[in-house]
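What follows is the residue order along each chain.
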Amino acid sequence: MNLYFRLFWLMFWRVRHCRSIDFLGTSKISYRALPMDCDINLHLTNSRYPALMDLARTYMLAEMGLLKRFLKLKWLPIVNAAEFTYIRDIKPLRRFDIESRLVGWDEKYFYIEQRFVSDDTLHCIVHVRGVFVNNRKQVPIPDMLKEAGFGGPAPSLPPEVEKWKAFLTLKKERNLPAN
């Protein structure tokens, strides 16, 4: 239930009062680890990270000035893959930030890095690969870039994202049914 409250708060208050970032800028949104976000080990439960990341990516689109435009176009974001590295736990009532930034794209997917940080502590780093869809069809990356008003060169993907991308390709190839 608290995620619904956080979603309503995000959509009806936060996005109306957010700062503006550029297309490759870093978005930052703050949360607190509420008791209902925590598990029996007394830290933020692993299942809460992806849910909070969804909210943070929505906020990132708002800060980029793209949320209303993409909603009007009926473009829906879809996560294709995510890779988590948990470093330090987040204790109950601890305030933390989720820093989100678009790190690049290829011919099919865009790649986002999201970090959970508090003070000088990195708690978790996540890489997300995704697409936008409209009427069950993928929105081409060039169309997304055009709507975003971005005309610059694509940034080089970080080495860890390149290796993860290669791993995902290998994983897919090894698990396809034999013909």
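From a predicted model like this one, the values you see are computed outputs, not experimental measurements. (Residues numbered from 1 in each chain as written. Predicted model: local features only at pLDDT ≥ 70, side-chain atom pairs only at ≥ 80, totals over all residues. Heavy atoms only, no water.)

(A) Local environment of the packing of aromatic side chains. If you walk through the whole model with that rule in mind, you get 13 aromatic pairs. Pairing W105 with F150 gives two aromatic rings, centres 5.5 Å apart and planes at 85 degrees, and the pair type is edge-to-face. A residue pair is termed long-range when its members are at least 10 positions apart, and W105 in strand β3 (residues 95-105) and F150 in the loop between α4 (141-148) and α5 (159-175) qualify at 45 residues. Taking relative accessible area as the criterion, W105 reaches 10% and is therefore assigned buried. Pairwise contacts between aromatic rings join Y31, Y49, F84, Y86, F96 and F116 into one cluster. The side chain of R129 reaches across the aromatic face of Y109, ending 3.9 Å from its centre. (Phe/Tyr/Trp six-rings, centres within 6.5 Å; stacked < 30°, edge-to-face > 60°. Helix = DSSP H or I, 4+ residues; strand = E, 2+ residues; numbered from the N terminus. Buried < 20%, exposed > 50% of the residue type's maximum accessible area, 1.4 Å probe, protein only. Lys NZ or Arg CZ within 6 Å of the ring centre and 35° of its normal.)

(B) Representation of the layout of surface pockets within the structure. Its volume calculated, the largest pocket comes out at about 400 Å³. R57, T58, L61, P77 and F132 are, among the 23 residues lining the largest pocket, the residues nearest its centre. Those elements that provide at least two residues to the lining of the largest pocket are α2 (48-64), α3 (67-72), β2 (76-86), β4 (110-118) and β5 (121-134). Counting residues per element, the lining of the largest pocket draws most heavily on α2, which supplies six residues. Roughly 240 Å³ of internal volume is contained in the second largest pocket. In this structure, the second largest pocket is lined by 13 residues; those nearest its centre are Y109, R129, L168, T169 and K172. Of all elements in the fold, only β2 and α5 reach the threshold of two or more residues within the lining of the second largest pocket. At five residues, α5 tops the list of elements feeding residues into the lining of the second largest pocket. Its residues assigned to classes, the lining of the second largest pocket comprises four nonpolar, two polar and seven charged. (1 Å grid on protein atoms, 1.4 Å probe; cavity = no way out; pocket = protein on both sides within 12 Å on 5 of 7 lines; lining within 4 Å. Points joined across faces, edges and corners; volume = space filled by probe spheres on them. Nonpolar A, V, L, I, M, F, W, Y, C, P; charged D, E, K, R; others polar.)

(C) Geometry of a nonpolar patch on the surface. Taken together, the side chains of Y4, L7, F8 and F12 define a hydrophobic patch exposed on the protein surface, amounting to about 450 Å² of accessible area. Its place among the elements puts F12 in helix α1 (residues 2-12). (Patch = residues over 30% accessible without salt bridge, like charges linked within 9 Å, V, L, I, M, F, W, Y side chains within 5 Å. Areas by Shrake-Rupley, 256 points an atom, 1.4 Å probe, with all protein chains shown as cover. Salt bridge = Lys/Arg side-chain N within 4 Å of Asp/Glu carboxyl O.)

(D) Expanded view of the nonpolar core. F96, F116 and M144 are the most contacted members of the largest nonpolar core, which totals 39 residues. Elements with a minimum of two residues in this core: β1 (26-32), α2, α3, β3, β4, β5 and α4. Element by element, the count of residues in this core is highest for α2, at 10 residues. Here F116 is in contact with Y49, M53, I90, F96, D97, I98, T121, L122, H123, C124 and V126, once residues within four sequence places are set aside. By size, the runner-up hydrophobic cluster in this structure holds 10 residues, among which are Y109, V131, V133 and L157. (Core = buried A, V, L, I, M, F, W, Y, C linked by side-chain atoms within 4.5 Å. Contact = heavy atoms within 4.5 Å.)

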